[in-house]
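Secondary and tertiary structure notes
The residues making up each chain are set out below.
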Amino acid sequence: MPEVFFYQDNKTVTVSEGTTILNAARNAGIVIESPCNGNGTCGKCKVRLDRDSLQNVITGGRHNLSKEELVKGYVLSCETKITGNIKVEIIGGQKNNTLKILSNGQSFDLSIDPLIKKVYFEGENQTRVFSGDKILGTEEGDTRDRIYGAVVDIGTTTLVASIVDLKDGREIGTASTLNPQAVYAQDVLSRIKFSSESDGLQKMYTEVIREINHLINEIAESNGISKENIYEIVLSGNTCMIHLCSNINPRSLGTYPYTPEISGAVYFDAAEHNIDISPFGIIYLPPIVSGYVGADITSGILASQLHKTKETVLFVDIGTNGEMVIAHDGKLSATSTAAGPAFEGMNITYGTRAGHGAIEFFEIDEDGNVVHKVIGDVKATGICGSGLLDIVGELVAHGIINKSGRFVQRVDLQRNEADEKGGTERISKKKDFEERFIKQEGKWVYRITDGVFLSQKDVRQVQLAKGAVRAGIEFLLKSKGLKSADVDRVLVAGSFGYHLREKSLINIGLLPKEFAGKVEFVGNTSKSGAQAFLLNKGYRREMEEAVKNIEVLELANCKDFEEVFVQSLSF
């Protein structure tokens, strides 16, 4: 049987002849980015082989590779079958310790009244650990000073964990990493499909539990506390992630009416799920709103106190799925939309995670000069989500991309702007326009920096993603009889959302222009809301009641959705 050696990980795996390089990597537990889940459409899974290795593969998917890359030995791992021993160099992989993963989120002043309590019985020299009125277990001696809880925000892309002192609410420490389930499937829909196949659920479940334990152990060791003194863990995430971490098949989320198998607001035995905390520790899952509005949004509602506001407030979590809630007249309505992976930098030609080498900020000043910032202050190698929206937003604002999303030829741009006051002067300031707007393999691209370009196809991907979110916002407003100007505040949540700029979101039309000056970036409210659940048991019942009263708007049932979606594509 052929052997496959992966250089960066110094790891060898034996596979059957005909196995793809992508599947060989997955068998070895090695991450190769594959946003299209191995369908051969995104081109992200390219790897490089030496001359000898090229003789031992059957290649495919050349449509995503340039002539120069083919000459250098690049192949698409998802479509390249192994026939003999090969050596593989993975290109562009991000190490977890270089990624920018947000751990903080907005919260509120809360009183500390955790479910977990300890009582010391001096005569017996024992400490009993209670979950409410129920005794979880007994410890020898007086251990009242050691009482901790943990939370984990289980995102589709990342995991963020935190350990909290239940005596005073102090956060002991945090840790984060990529979600290891991405080795097998990148987005929610592909994970639903993968989990419905043989052994798929077990792999997804095992991987996420293993990584949760790793994060908890990392925080505990670095802060000198014992995992045995962690008695409860709150897991917050979208509905699919909650299913997967509970070892419950999410296949029902893949077919209409998308009914969850689990609705949250439940407790599990931590030991039964192999969570490495106290031997009598428990797991709490916050209530779920619907099949595609999950416990992470419930946590966000709690953290932002959205259910108590008297204002008209829109809460939007922008990511692979756009989940949103609007508060109006003291009532909540929610919906979700499939934005796709573009905002994560995926299915973009030079898209990448938010790690070293990723362009995260881009601006064109009044003189037409380009200013950009690269994570790690190194040479740019790609574009992360925040940089992507900056780039497209600036090109739209400066007329380089028109409202339909097409690159505008220089002669057309001059003609259009000559009709505007100051138009000719403005275009003359873009002295490097011709230099940046060039052709590659017969197609126009915009040169952001040496070696990093934005293509017309990339712009279309941003259009589709932002159009989906904007359409969701429009229908949510319409369902309440509201106009954009009626919204008092807009809360943008999530790790990705935190790194965005109001200017870019409005420039590309993801948010209506009437939202200008009203946008607040509230960060990782999935985690901060989960901490609130952990620190005060009263919020659990409060949010269970709040979730029951949330009106869920299913966009698939909305009349004229396609028409509104098409309108929302416009810049």
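Bear in mind the structure is a predicted one, so any value in this text is a computation, not a measurement. (Residues numbered from 1 in each chain as written. Predicted model: local features only at pLDDT ≥ 70, side-chain atom pairs only at ≥ 80, totals over all residues. Heavy atoms only, no water.)

**Some remarks on the overall build of the protein chain**
Definition in use: Each helix corresponds to a stretch of at least 4 residues labelled H or I by DSSP, and each strand to a stretch of at least 2 residues labelled E; elements are numbered beginning at the N terminus. We compute the radius of gyration from the C-alpha atoms alone; for a globule the expected value is 2.2 Å times N to the 0.38, where N is the number of residues. Only protein chains enter the accessibility calculation, which uses a 1.4 Å probe. A residue is then buried if its area is under 20% of the maximum for its type, exposed if over 50%, and partly exposed in between. Only four residue types enter the tally: Lys and Arg on the positive side, Asp and Glu on the negative side, with His and both chain ends excluded. Lysine's charge is taken at NZ, arginine's at CZ, aspartate's at CG and glutamate's at CD.
In terms of helices and strands, the protein chain carries 17 helices and 28 strands. The C-alpha atoms of the protein chain give 25 Å as radius of gyration, which agrees with the globular expectation for 571 residues (25 Å, within 12%). Taken over the C-alpha atoms alone, the protein chain extends approximately 90 × 65 × 45 Å along its principal axes. For the protein chain, buried positions account for 58% of its 571 residues. One way to put it: in the protein chain the 64 positive side-chain charges average out to a point 5 Å from where the 75 negative ones average out.

**Details of the environment of I192**
Spelled out, the test is: Every residue pair with non-hydrogen atoms within 4.5 Å of one another is taken to be in contact.
Tracing the sequence through the fold places I192 in helix α4 (residues 188–195). Given a relative accessible area of 4%, I192 falls into the buried group. On a C-alpha basis, the gap between I192 and T138 in space is 40 Å, while along the polypeptide they are 54 residues apart. The contact partners of I192, leaving out residues within four places of it in the chain, are C240, P250, R251, L253, G254 and Y292.

**Comments concerning the sheet that holds strand β3 (residues 46–49)**
This is how it is decided: The rule for pairing is simple: two strands pair if DSSP sees at least two bridges between them. To obtain an axis, a line is fitted to C-alpha atoms, over the contacting stretch when the element is a helix, and the angle between two such axes runs from 0 to 180 degrees between their N-to-C directions.
One open sheet accounts for 5 strands, arranged β2-β1-β7-β3-β5; its pairing is mixed. Looking along the sheet, the strands with just one partner apiece sit at the ends: β2 (11–14) and β5 (74–76). Averaged over all neighbouring strand pairs, the angle between strand axes comes to 35°, with direction disregarded.

**Examining helix α7 (residues 295–304)**
With 10 of its 10 residues buried, α7 lies for the most part within the structure. Among all positions in α7, only A295, D296, I297, T298, S299, G300, I301, L302, A303 and S304 are buried. Downstream of α7 by one or two residues, Q305 has phi in the positive range, about 55°.

**Overview of the nonpolar core**
Selection criterion: We call a set of buried Ala, Val, Leu, Ile, Met, Phe, Trp, Tyr and Cys residues a nonpolar core when their side-chain atoms join them within 4.5 Å.
Grouped together as the largest cluster of nonpolar side chains are 57 residues, with contacts concentrated most on Y446 and L454. At 9 residues, helix α12 (residues 456–479) tops the list of elements feeding residues into this core. When residues no more than four places from it in sequence are discounted, the contact partners of L454 are L388, I391, V392, L395, F407, V445, Y446, I448 and V459. By size, the runner-up hydrophobic cluster in this structure holds 44 residues, among which are Y184, I192, I233 and I242.

**Points about the pattern of salt bridges**
Two side chains of opposite charge can pair, provided their charged atoms sit close to one another. Applicable threshold: Salt bridges, as used here, are contacts in which a Lys or Arg side-chain nitrogen is within 4 Å of a carboxyl oxygen on Asp or Glu.
In the structure shown here, the tally under the stated rule is 31 salt bridges. Between R146 and D145 there is a salt bridge, with the nearest N and O atoms lying 3.3 Å from each other. Its relative accessible area of 33% is what places R146 among the partly exposed residues. Through salt bridges with shared partners, a single ionic network connects E363, D390, E394, R501 and K503.

**A closer look at the side chain of N238**
Inclusion rule: Between N or O atoms, a polar contact is any pair within 3.5 Å; within protein, one atom must be a potential hydrogen donor and the other a potential acceptor, and residues adjacent in sequence are included only when both atoms are from side chains.
Structurally, N238 can be placed in the loop between β14 (230–237) and α6 (239–245). Residue N238 is classed as buried on the basis of its relative accessible area, which comes to 9%. In this structure the side chain of N238 is engaged in a polar contact, spanning 2.9 Å, whose partner is the backbone nitrogen of M241. Once residues within four sequence positions are removed from consideration, N238 is found in contact with I154, T156, V188, G294, D296 and E323.

**A short note on the packing of α12 against helix α17 (residues 561–568)**
Test applied: In these notes the angle categories are as follows: under 35 degrees is roughly parallel, over 145 is roughly antiparallel, 65 to 115 is roughly perpendicular, and the rest is oblique. A crossing counts as left-handed when the near helix is turned anticlockwise from the far one by less than a right angle, and as right-handed when that turn is clockwise. Nonpolar residues are Ala, Val, Leu, Ile, Met, Phe, Trp, Tyr, Cys and Pro. Charged residues are Asp, Glu, Lys and Arg, and all others, Gly as well, are polar.
Closest axis-to-axis distance for the α12/α17 pair is 8 Å, and the angle between their directions is 125°. Taken as axis vectors, α12 and α17 run oblique relative to one another. Between α12 and α17 lies a crossing of right-handed hand. Across the interface between the two elements, L464, K466, G467, A468, R470, A471, E474 and F475 from α12 touch F561, V564, F565 and S568 from α17. Grouping the amino acids of the contact of α12 with α17 by side-chain chemistry returns 7 nonpolar, 2 polar and 3 charged.

**Some thoughts on helix α8 (residues 385–397)**
What counts here: Take the residue count of a helix, subtract one, and multiply by 1.5 Å to get its expected span.
Compared with an ideal rise of 1.5 Å per residue, which puts 13 residues at 18 Å, α8 spans 18 Å between its outermost C-alpha atoms and is within 8% of the ideal. When α8 is considered as a whole, its buried residues turn out to be G385, S386, G387, L388, L389, D390, I391, V392, G393, E394, L395 and V396. G399 lies just past α8 and shows a positive phi near 75°.

**Quick look at the confidence of the model for the protein chain**
Under the convention used in this document: Scored between 0 and 100, pLDDT is the confidence that the predictor attaches to each residue.
On average, residues of the protein chain score 89 in pLDDT, and 91% of them reach the 70 mark or higher. In the model, residues 418–429 has pLDDT below 50 throughout and makes 14 contacts with residues more than four positions away in sequence or in other chains.

**Describing the sheet that holds strand β27 (residues 519–523)**
Backbone-to-backbone hydrogen bonds pair the strands of a sheet. The strands run either parallel or antiparallel. Reading across from one edge, β27-β26-β17-β18-β19-β28 is the order of the 6 strands in this open sheet, with mixed pairing throughout. Every interior strand has two partners, whereas the edge strands, β27 and β28 (551–552), have only one. Two elements, strand β18 (residues 321–328) and strand β19 (residues 331–338), share 8 bridges in a ladder whose sense is antiparallel. Looking at β19, one finds that G322 is bridged to T337. Helix-sheet contacts for α12 involve β17 (313–317), β18 and β19, and the interaxial angle to β18 is about 20°.

**Section: the packing of aromatic side chains**
We count it as follows: Here a Phe, Tyr or Trp ring, Trp counted by its six-membered ring, pairs with any other such ring whose centre lies within 6.5 Å, and the pair is stacked when the planes are under 30 degrees apart, edge-to-face when over 60, and tilted otherwise.
Here the structure, examined in full by the defined rule, presents 14 aromatic pairs. With a centroid separation of 5.6 Å and 90° between ring planes, the pair formed by Y256 and Y258 is classed as edge-to-face. Judged by relative accessible area, Y258 falls into the partly exposed class, the value being 25%. Ring geometry for Y284 against F533: centres 5.9 Å apart, planes inclined by 55°, an arrangement best described as tilted.

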